[in-house]
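# Examination of the molecular architecture
Residues per chain, in single letters:
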Amino acid sequence: MKTYLVTGGAGFIGSNYIHYMFKKYGDGIRIINVDALTYAGNPENLKEVEDRENYTFIKADICDKEAIARIFAENEIDRVVHFAAESHVDRSIRNPEIFVQTNVLGTAVMLNCAKAAWELPDGSFREDKKFLHVSTDEVYGSLEEDGGYFYETTPYAPRSPYSASKAGSDMLVKAYMDTYHFPANITNCSNNYGPYQFPEKLIPLIIHNALNGKKLPVYGDGKNVRDWLYVEDHAKAIDMVQEKGRLFETYNVGGHNEKQNIEIIKIILETLQEMLPENDPRKALVSEDLITYVEDRKGHDRRYAIAPDKIREEIGWEPETMFKEGIRRTIEWYFAHEEWMAHVTSGDYQKYYEEMYTV
Ligand code: NAD
Ligand code: DAU
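These remarks concern the structure in this document. What you are looking at is a predicted structure, and each value in this text was computed from that prediction instead of being measured.

Moving on, we get to the site of ligand 2. Neighbouring ligand 2 are 24 residues, the closest being Asp137, Tyr162, Arg297, His300 and Tyr357. Thr136 places a side-chain nitrogen or oxygen 2.7 Å from an oxygen atom of ligand 2. For ligand 2, the accessible surface in isolation is 690 Å², of which the surrounding protein chains cover 95%. Put simply, the parts of the chain that give the shell around ligand 2 at least two residues each are helix H6 (202–211) and strand E8 (216–219). By residue number, the principal contributor to the shell around ligand 2 is E8, which donates three residues.

Here you go:
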């Protein structure tokens, strides 16, 4: 039975990954989830699995060397899946330092502790140990509206403090692979959406605001393009890369699902109208009149688009969830989890929202 050490498993993608893995492997794996529970980490995301005998939660900071080394010393870890990061671009523009701390230094701690636990006296590594570093397409920079895709060979050109810190963490993983032959992979994925996403990110923010008749803030001209992937497809890709990918390789993950932000907002509004029952009072609130153009994000990347050829050809991964279906599933999930939304939007979120969106 393999033991997975998942970092950042109480966040959006990490918690979806943990649900996916238990659905797929049941009692056949053990998962240890290490999360510092920052504003983005929410134990409610894992309520359904917290009583499982093969699941353990440890509250710890990935920058805390002693805590992470202890986890490796006390457990026979076979797989590391490293999600933990500061993940929101707007926050990185306001407060870059924590991004360097968590994303760069935290990754260095994870790599060092895994290396120390897995390395043999001759410098080789114990058999079948693997580290997967979860990264982003933003490390490749910004594409022209009509030009090209991100390939694994595209030179790094990060443009925000967030993407620069993720690029730094990727470089550290690459350095460990090159210098020590450390058994790792990197995945660079496009924008995810789905259940449990914190409403500072575009899709849950728009769903939440529209249902409450609040303004829908659109940065700049609304024509920036993102390549959207349903989060469960990302979870599946991570598992497939770890089990079927070639060690030391990078795999881009994305679904050829490019959409302008304004298109996304209009699709959400239309889908909400279709899904809300006639007698639901929120139906009258959901309207394009809420769309409000606001000041652009500083250094706003124009377009991201992944070429997923390598992962498809080598591993056989392809996205399964079409956007139309994925967005309905996502909205259904938010309908069914009003309490979750009420909890995460109380307290600190209010303060963040006011600072971010009140001019
Ligand atoms: P998230 O912000 O929802 O979750 C991050 C998690 O990491 C939270 O649970 C938080 O508590 C935890 N964390 C933060 N700092 C920590 C620390 N110092 N020690 C331990 N835990 C800490 O992020 P997400 O959207 O789920 O992204 C997860 C990973 O996937 C990140 O590495 C991100 O760069 C990458 N990624 C995200 C997307 C996306 O669209 N969201 C796309 C591609 C890649
Ligand atoms: O591409 C992968 C990346 O996608 C991940 O690495 C990041 O962790 C994740 O946050 C996401 O980054 P983006 O900046 O693309 O996502 P966000 O949801 O913040 O914004 C999506 C687009 O919508 C972007 O062009 C900015 C715009 N936007 C966002 C918000 C929050 C708005 O127009 N209004 C908003 O209020």
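Turning our attention to the pairing of strand E2 (residues 29–35). Judged by how many residues are buried, E2 sits mostly within the fold: six of seven residues are covered. Strand direction decides the pairing type here: strand E1 (residues 2–7) and E2, joined by six bridges, are parallel. Within the sheet, the bridge partner assigned to Thr3 lies in E2 and is Arg30. Handedness of the β-α-β unit built from E1, helix H1 (residues 12–25) and E2 comes out right-handed.

This part takes up the environment of Tyr140. With respect to the helices and strands, Tyr140 occurs in the loop between strand E5 (130–136) and helix H5 (161–180). Spatially, the C-alpha atoms of Tyr140 and Ile306 are 9.9 Å apart, while their sequence positions differ by 166 residues. When sequence neighbours within four positions are dropped, the list of residues in contact with Tyr140 reads Phe150, Tyr151, Glu152, Thr154, Pro155, Tyr156, Ala157, Asn188, Thr250 and Asn252. For Tyr140, the side chain forms a polar contact with the side chain of Asn252, separated by 2.8 Å.

This part is about the sheet that holds E1. Taken together, seven strands build an open sheet; the order of strands is E3-E2-E1-E4-E5-E6-E11 and the sheet is parallel. Both edges of this open sheet fall to strand E3 (55–59) and strand E11 (250–253), since each of them pairs with a single strand only. Ignoring which end each strand starts from, the neighbouring axes of this sheet average 20° apart. Sheet topology places E5 next to strand E6 (residues 184–189); six bridges connect them, and they run parallel. When the bridges of E6 are listed, Thr136 appears paired with Cys189. Sheet strands in contact with H1 are E1, E2, E3 and strand E4 (79–82), and its direction is about 170° off that of E2. Contacts from helix H4 (residues 97–118) reach E1, E4 and E5 within the one sheet, and its direction differs from that of E5 by about 165°.

A few words now on the side chain of Ser165. Structurally, the position occupied by Ser165 is in helix H5. On the basis of relative accessibility, which here comes to 2%, the residue Ser165 falls in the buried class. Here Asn103 takes part through its side chain, which lies 3.0 Å from a polar atom of the side chain of Ser165. A polar atom in the side chain of Ser165 sits 2.7 Å from the backbone oxygen of Tyr162. Sequence-distant contacts of Ser165, defined by excluding residues within four places in its chain, comprise Phe99, Val100, Asn103 and Val104.

Our focus in this paragraph is the side chain of Thr330. Counting through the fold element by element, Thr330 comes out in helix H10 (residues 323–336). Here Thr330 falls in the buried class, since its relative accessible area comes to 1%. Contact partners of Thr330, with chain neighbours within four places excluded, come to Tyr193, Gly194, Ile207 and Tyr230.

The next point concerns the site of ligand 1. Residues in contact with ligand 1 amount to 28 residues; listed here are only the nearest, Ile13, Asp35, Ser87, Tyr162 and Lys166. Side-chain polar atom of Asp61 to a nitrogen atom of ligand 1: 2.9 Å apart, as the coordinates give it. For ligand 1, an oxygen atom lies 2.7 Å from a polar atom in the side chain of Ser87. For ligand 1, the protein covers 96% of the area, taking 840 Å² as the surface of the free molecule. Mapped onto the shell around ligand 1, the elements with two or more residues apiece are H1, E5 and H5. Take the shell around ligand 1: its biggest share by element is three residues, from E5.

Quick look at the packing of aromatic side chains now. Tallying each qualifying case throughout the model produces 25 aromatic pairs. Here Phe99 and Tyr162 contribute two aromatic rings whose centre-to-centre distance is 6.3 Å and whose plane-to-plane angle is 85°, an arrangement assigned as edge-to-face. Here Tyr162 lies in helix H5 and Phe99 lies in helix H4, a separation of 63 residues in the sequence. An identical accessibility class is assigned to Phe99 and Tyr162; each is buried. Ring centres 6.5 Å apart and planes at 75° place the aromatic pair Tyr193 and Trp228 in the edge-to-face group. In this pair, Tyr193 is assigned in strand E7 (residues 192–193) and Trp228 in the loop between strand E9 (225–227) and strand E10 (229–230), connecting sequence segments 35 residues apart. For the pair Tyr193 and Trp228, one class covers both residues: buried.

At their nearest, the axes of H6 and H10 sit 11 Å apart, and the two run at 55° to each other. In this view, H6 runs oblique relative to H10, as classed from their interaxial angle. Both H6 and H10 take part in a crossing whose hand is right-handed. The residues of H10 that touch H6, namely those facing Ile203, Pro204, Ile207 and Leu211, are Phe323, Ile327, Thr330, Ile331, Tyr334 and Phe335. Split into classes, the residues belonging to the contact of H6 with H10 amount to nine nonpolar, one polar and no charged.

How each quantity is defined
Residues numbered from 1 in each chain as written. Chains lettered and ligands numbered in written order. Predicted model: local features only at pLDDT ≥ 70, side-chain atom pairs only at ≥ 80, totals over all residues. Heavy atoms only, no water. Near = heavy atom within 4 Å. Polar contact = N/O pair within 3.5 Å; in protein donor to acceptor, adjacent residues only side chain to side chain. Areas by Shrake-Rupley, 256 points an atom, 1.4 Å probe, with all protein chains shown as cover. Helix = DSSP H or I, 4+ residues; strand = E, 2+ residues; numbered from the N terminus. Buried < 20%, exposed > 50% of the residue type's maximum accessible area, 1.4 Å probe, protein only. Pairing = 2+ DSSP bridges. Right-handed = clockwise from strand over helix to strand, strands pointing away. Contact = heavy atoms within 4.5 Å. Axes fitted to C-alpha atoms, helices over the stretch in contact; angles between N-to-C directions. Phe/Tyr/Trp six-rings, centres within 6.5 Å; stacked < 30°, edge-to-face > 60°. Parallel < 35°, antiparallel > 145°, perpendicular 65-115°, else oblique. Left-handed = near helix turned anticlockwise from the far one by under 90°. Nonpolar A, V, L, I, M, F, W, Y, C, P; charged D, E, K, R; others polar.

Any functional reading would require information that these geometric values do not contain.
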